[in-house]
Amino acid sequence: MASSFAALGLSEPTLKAIAELGYEEPTPIQSQTIRALSEGEDVIAQAQTGTGKTAAFALPIIEKLDPKLRSPQALILTPTRELAVQVAEAFQSYTKYQQISVLPVYGGQPIDRQLRALERGVQIVVGTPGRILDHIRRKTVKFVNVRTVVLDEADEMLNMGFIEDIEAILKETPEDRQTALFSATMPMPIANLAKRYMHNARRITVAAEQMTVPQIRQIYYEVGKRDKFEMLTRILDFEVPASAIIFCRTKLEVDNIGQRLIARAYPAEALHGDMNQASRDRVMGRFRSGQTELLIATDVAARGLDVEQVSHVINYDLPLEPQSYVHRIGRTGRAGRAGIAISLVTPRERRQWGSIQQTAGIKAQRMQLPTIGDVITRRRERFKESIREVIAAEGLEPYTIMAEEMGEEYSPTDLAAAAFKLLMGTMPEERADLLAEPEVYEPYDKKRAPDKKRSHGKESPPERGMTRLYIDIGREDRVRPGDIVGAIANEAEIPGRSIGAIEIFDHFSLVDVPANQAQQVIKALQKSMIRNQKISVEIAKPSSPKVKSTDKPRRKG
Ligand code: AMP
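Computed from a prediction, not measured in an experiment: that's the story for all the values here.

**So, the overall build of the protein**
Point 1. What the protein contains, in helices and strands, is 20 helices and 20 strands.
Point 2. The burial tally for the protein puts 52% of its 557 residues in the buried class.
Point 3. By sequence separation, contacts in the protein at least 24 residues apart represent 77% of the contacts at least 6 residues apart.
Point 4. If you sum the accessible surface of the protein, you get close to 27,200 Å²; carbon and sulfur atoms cover 51% of it.

**Describing the site of the ligand**
Point 1. Near the ligand you find 14 residues, and of these Tyr23, Gln30, Gly50, Gly52 and Thr54 are the closest.
Point 2. Here an oxygen atom of the ligand and a backbone polar atom of Thr51 are 3.0 Å apart.
Point 3. Here the ligand has 490 Å² of accessible area as a free molecule, and 82% of this is covered by the chains.
Point 4. The residues that make up the shell around the ligand include at least three from each of domain 1 (6–206) and domain 2 (217–370).

**Some points on the packing of helix H10 (residues 228–239) against helix H11 (residues 251–263)**
Point 1. Between H10 and H11, whose axes approach to 11 Å, the crossing angle comes to 55 degrees. Here H10 is positioned oblique relative to H11, judged by the angle of their axes. In this structure, H10 crosses over H11, and the sense of that crossing is right-handed. Seen from H10, the contacting residues are Phe229, Leu232, Thr233 and Leu236; seen from H11, they are Ile257, Arg260 and Leu261.
Point 2. Tallied by class, residues from the contact of H10 with H11 come to 5 nonpolar, 1 polar and 1 charged.

**Examining unusual backbone geometry**
Point 1. In this structure, Val240 is a non-glycine residue whose phi angle is positive, near 40 degrees.
Point 2. In this structure, Val240 sits in the loop between H10 and strand E9 (244–247).
Point 3. The backbone phi angle of Ala265 is positive, close to 70 degrees, even though this residue is not glycine.
Point 4. The residue Ala265 is located in the loop between H11 and strand E10 (268–270) in this model.

**Examining the pattern of salt bridges**
Point 1. Applying the stated criterion to the full structure yields 23 salt bridges.
Point 2. Where Glu153 meets Lys53, a salt bridge forms, and the shortest distance between an N and an O atom there is 3.6 Å. Here Glu153 is found in the loop between strand E5 (148–151) and helix H7 (154–159), whereas its partner Lys53 is found in helix H3 (residues 53–64), with 100 residues between them in sequence.
Point 3. Here Lys53 falls in the buried class, since its relative accessible area comes to 3%.
Point 4. Between Asp155 and Arg351 there is a salt bridge, with its nearest N and O atoms 3.2 Å apart.

**Quick look at the nonpolar core**
Within soluble globular proteins, side chains that are nonpolar generally end up buried alongside one another.
Point 1. Counting residues in hydrophobic clusters, the biggest one holds 39 residues, and the most contacted among them are Phe57, Ile61, Ile76, Phe91, Ile124 and Val126.
Point 2. Breaking this core down by element, the ones donating at least two residues are helix H1 (12–21), helix H2 (28–38), strand E1 (43–46), H3, strand E2 (74–77), helix H4 (81–94), strand E4 (124–127) and strand E6 (178–183).
Point 3. The element that contributes the greatest number of residues to this core is H4, accounting for 8 residues.
Point 4. Beyond its immediate sequence surroundings of up to four residues, Val126 is in contact with Ile76, Thr78, Ala84, Val87, Ala88, Phe91, Val102, Leu103, Pro104 and Val105.
Point 5. Formed by 31 residues, the second largest nonpolar core is a distinct cluster that contains Val105, Ala117, Leu170 and Met198.

**Remarks on the sheet that holds E10**
Point 1. Pairing is parallel in the open sheet, where 7 strands are placed in the order E10-E11-E9-E12-E13-E8-E14. Two strands in the sheet have a free side with no partner beyond their single neighbour: E10 and strand E14 (365–366).
Point 2. One ladder, built from 2 bridges, connects strand E8 (residues 217–222) with E14; its direction is parallel. Note that in E14 the partner of Tyr220 across the bridge is Arg366.
Point 3. Across the face of the sheet, H10 comes into contact with E8, E9, strand E11 (294–297), strand E12 (312–315) and strand E13 (340–345) while running at roughly 160 degrees to E13.

**Focus on the sheet that holds strand E17 (residues 509–514)**
Point 1. Read across the sheet, 4 strands follow the order E16-E17-E15-E20 without closing on themselves; strand pairing throughout is antiparallel. Two strands bound the open sheet, and with one partner strand each, they are strand E16 (502–504) and strand E20 (537–539). Taken pair by pair, the neighbouring strands of this sheet meet at an average axis angle of 25 degrees, ignoring direction.
Point 2. In this structure, strand E15 (residues 466–471) lies alongside E17, joined through 6 bridges in antiparallel fashion. Pairing of Thr467 across the sheet is with Val513, part of E17.
Point 3. Here helix H19 (residues 481–491) sits on the sheet in contact with E15, E16 and E17, set at roughly 130 degrees to E16.
Point 4. Contacts from helix H20 (residues 518–526) reach E15, E17 and E20 within the one sheet, and its direction differs from that of E20 by about 160 degrees.

Parameters at a glance
Residues numbered from 1 in each chain as written. Predicted model: local features only at pLDDT ≥ 70, side-chain atom pairs only at ≥ 80, totals over all residues. Heavy atoms only, no water. Helix = DSSP H or I, 4+ residues; strand = E, 2+ residues; numbered from the N terminus. Buried < 20%, exposed > 50% of the residue type's maximum accessible area, 1.4 Å probe, protein only. Contact = heavy atoms within 4.5 Å. Areas by Shrake-Rupley, 256 points an atom, 1.4 Å probe, with all protein chains shown as cover. Near = heavy atom within 4 Å. Polar contact = N/O pair within 3.5 Å; in protein donor to acceptor, adjacent residues only side chain to side chain. Domains from an automatic or database assignment. Axes fitted to C-alpha atoms, helices over the stretch in contact; angles between N-to-C directions. Parallel < 35°, antiparallel > 145°, perpendicular 65-115°, else oblique. Left-handed = near helix turned anticlockwise from the far one by under 90°. Nonpolar A, V, L, I, M, F, W, Y, C, P; charged D, E, K, R; others polar. Salt bridge = Lys/Arg side-chain N within 4 Å of Asp/Glu carboxyl O. Core = buried A, V, L, I, M, F, W, Y, C linked by side-chain atoms within 4.5 Å. Pairing = 2+ DSSP bridges.

Structural data, given as structure tokens:
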């Protein structure tokens, strides 16, 4: 199996873009699929979101593209518009250093915009079957030059009743095209579709190696994508690990999390695969001696790490494959000591998490995220415990004399309380900013009800570097977060992932966008429609009078 993207024969501009994204090496699905597709084979891959499947089909498509031919050469069918936008964005990030045009096409978006883009000549079309078929029937797109068709999340497309549309679309593409099918499961209609429209397809599944899973406590928390960092700090405050490795998927994420933890005064350091041996040794030395309590790393960077034992392994990002999960958690609970493995799972990753557990033959326990109250209670318990230990250890004489002296002025309770305050620092309940509940919105989660929002119904300020915009339509106009993400992503050409929290109120909505792009978004949105309505957009005023107490985001359940 190839151990690097370069060994898979990818070109320099592609390799550069991947390196910048922080991918260190191909996942098993990627190595196998990229090879097969590059060799011109059809592929049936049993893979789901979270395995790196998008890059697995996108990279060979990009390599094969004729940049001079301004006509669709690849067609990717996806079950939902969210996935279409996401896949189109992935293509854009992989082709950062190439002139290649990608168009997401989905229902709900005004068709004339798509027509203009199609007329300009796009090379990769990513869309939902219904809307693609629309264009075929209107003769606004021709797939005569298509060389590769990808059916992404085929089982989901089947569930959504798209199977006939898919067949009709496949018939409009050249017969000698290459077809790749990705599906988490292989129900009969999908298998039949593959039989009829694919030729000698290579089947790709990632073989489950024999895995010995260490016997340690494994728990997981479900968290919204945007809350992940906040929740990580909450968990760290709750657990207070003596030593933990925090695993992230990419080098970029390692850097990002490392810097943010350090900024909040956690004793953390990041470990990089590309650090030289001397700095690596220094970081590891500090970690082993307990000076650094939290080590943030990718799987690649942590490979071959010689650490005696860590108290916690935290999967900030789930690994891309089950084997890595087992390797990661094996770093705790060594030599019979108690260890704990904690995984953060976003709603989108539920299926992948299920499959990791199934392949590894484990069942992790789902836990409720600790509340601030839980953190405070734990902290107090720990403190009381340490007081008990100090008393048990004796040697208090010099302090007893002081206590007796002051005991003439103050009650024993006041004395102890003052000493506790000095020792413990400010109590969290005195710090209002710690009490803010996090955002729970996640733009691309189609399953989450759009109105399941922060429960306190109070506006919290946008994250640093973000500006909050006010849009004058809301729930009463049947606006959903996806409409806003779609409009901003398409009209202002800002990738969906850089759009921040969205809150939909009855009569208006608030959305956070990168501050330096706020004007661009306002300008673009003013010209566009959401849910067939003209809209007005402006920068939201902090605690805007428009946010009336009667106009809270409605709570669900
Ligand atoms: P996917 O399964 O395509 O939805 O990908 C899941 C996530 O993994 C995405 O955030 C990708 O950017 C990321 N990813 C894909 N391939 C790799 C890789 N080789 N190394 C690290 N991250 C990756």
